[in-house]
Amino acid sequence: MVFSPDFLELAFMALKHTILAFLSRQPLSGYEVAKEFVEGFGGCFWKASQQQVYAELSKLEQQGCAIYEAIPQSGRLDKKIYSITAKGQEELIDWLTQPTEPTAIREDLGVIGLAGHLVPSQLVLREIERRQKLHTEMAQHLKKMDEHFAKNLDSLELKDIYMHLIIRRAIRYQEDWVAWCDESLEAINRVVNNLED
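Treat the numbers as computed from the prediction; the structure is a model and nothing was measured.

Participant: Explain the packing of aromatic side chains here, please?
Facilitator: Here a ring pair, both rings aromatic, is described through the centre-centre distance and the interplanar angle of the planes. Enumeration according to the criterion identifies three aromatic pairs in this entry. Aromatic pair Phe22 and Phe37: ring centres 5.6 Å apart, planes at 90°, arrangement edge-to-face. In this pair, Phe22 is assigned in helix 1 (residues 5-25) and Phe37 in helix 2 (residues 30-38), connecting sequence segments 15 residues apart. Judged by relative accessible area, Phe37 falls into the buried class, the value being 2%. Ring centres of Trp177 and Trp180 lie 5.4 Å apart, and the angle between their planes is 80°; on these two criteria the pair is classed as edge-to-face. Note that Trp177 and Trp180 are positioned in helix 7 (residues 158-196) at a spacing of three residues, about one turn of the helix. Over the aromatic face of Tyr68 sits the side chain of Lys80, whose NZ or CZ is 4.5 Å from the ring centroid. Over the aromatic face of Trp177 sits the side chain of Arg131, whose NZ or CZ is 4.7 Å from the ring centroid.

Shown next, in the form of structure tokens:
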């Protein structure tokens, strides 16, 4: 598959700005940034491997958008704690002032919708049930992430209100998937049962 330069630029720009956004909240090690994409807030909206994160942090440092402080560790490599620079903050603010565009839905289940009739319905049902479980678990994980914000709405700083709101958006996204899975399972089972009668 060949990706256009525009597509590749958008993909890397989103990763760059997501990392800068994390660093705008607090200094982090490369490991902590990578962990955000697996377990934390970053995983709600963007996927990035540890290798991609470290490569991007290195680029940000070379571009003067981030700096790091080396913390000595006994018997191990120094731990690098990255911070956003004034240039990095300017870059992020410039990006933040641009209009956003809705992201195209690139979803494997959409292809199943086109060609699912070629395989036994039990395979499709099993996949939708699996996805239903995944989205339910992610919604629960996000609600746990949002507990502190939701309980303290009246005393939150603006930066935490923004975080709360975007986590709420992610929760709704996951819950919408669960509702769609419910609807799909019911519709497919209805057709399958009618065929068997």
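Let's pick the thread back up.
Participant: Just checking my understanding: could you explain the pattern of salt bridges for this structure?
Facilitator: A pair can form between side chains of opposite charge whenever their charged atoms are brought close. Here the structure, examined in full by the defined rule, presents eight salt bridges. Between Glu186 and Arg190 there is a salt bridge, and its shortest N-O distance comes to 3.5 Å. Placement of both Glu186 and Arg190 in helix 7 is noted, with a separation of four residues, approximately one turn of the helix. The class for Glu186 is exposed, based on a relative accessible area of 52%.

Participant: Would you take a moment to explain helix 6 (residues 121-151) for this structure?
Facilitator: What sets the pattern is the α-helix's 3.6 residues per turn: residues three or four places apart point alike. When the terminal C-alpha atoms of helix 6 are compared, their 44 Å separation across 31 residues agrees well with the 45 Å that a helix rising 1.5 Å per residue should span. Of all bends in helix 6, the biggest is about 40°, found at Met145. Residues Val124, Leu125, Ile128, Arg131, Gln132, His135, Ala139, Leu142, Asp146 and Phe149 constitute the buried set of helix 6. Those residues of helix 6 that are buried are in contact with helix 5 (108-115) and helix 7.

Participant: What exactly am I supposed to notice about the packing of helix 2 against helix 3 (residues 50-62) here?
Facilitator: Packed helix pairs are specified by the crossing angle of their axes together with the interaxial distance, meaning the distance between the axes. Viewed as axis vectors pointing N to C, helix 2 and helix 3 meet at an angle of 130°, and their least axial separation amounts to 9 Å. Here helix 2 is positioned oblique relative to helix 3, judged by the angle of their axes. The hand of the helix 2/helix 3 crossing is right-handed. Counted together, Gly30, Tyr31, Val33, Ala34 and Phe37 of helix 2 and Gln50, Val53, Tyr54 and Leu57 of helix 3 form the full contact between these two elements. Residues belonging to the contact of helix 2 with helix 3 are distributed by class as follows: seven nonpolar, two polar and no charged.

Participant: Help me understand the packing of helix 6 against helix 7, please; the structure alone is not making it clear to me.
Facilitator: Running from N to C, helix 6 and helix 7 cross one another at 160°; their axes reach a closest spacing of 8 Å. Taken together, the axes of helix 6 and helix 7 lie roughly antiparallel to each other. For the element pair helix 6 and helix 7, the recorded crossing hand is left-handed.

Conventions we followed
Residues numbered from 1 in each chain as written. Predicted model: local features only at pLDDT ≥ 70, side-chain atom pairs only at ≥ 80, totals over all residues. Heavy atoms only, no water. Phe/Tyr/Trp six-rings, centres within 6.5 Å; stacked < 30°, edge-to-face > 60°. Helix = DSSP H or I, 4+ residues; strand = E, 2+ residues; numbered from the N terminus. Buried < 20%, exposed > 50% of the residue type's maximum accessible area, 1.4 Å probe, protein only. Lys NZ or Arg CZ within 6 Å of the ring centre and 35° of its normal. Salt bridge = Lys/Arg side-chain N within 4 Å of Asp/Glu carboxyl O. Expected span 1.5 Å × (residues − 1). Bend = angle between axes of the 7 residues up to and from the residue. Contact = heavy atoms within 4.5 Å. Axes fitted to C-alpha atoms, helices over the stretch in contact; angles between N-to-C directions. Parallel < 35°, antiparallel > 145°, perpendicular 65-115°, else oblique. Left-handed = near helix turned anticlockwise from the far one by under 90°. Nonpolar A, V, L, I, M, F, W, Y, C, P; charged D, E, K, R; others polar.

None of the figures reported here should be taken as evidence of function without further support.
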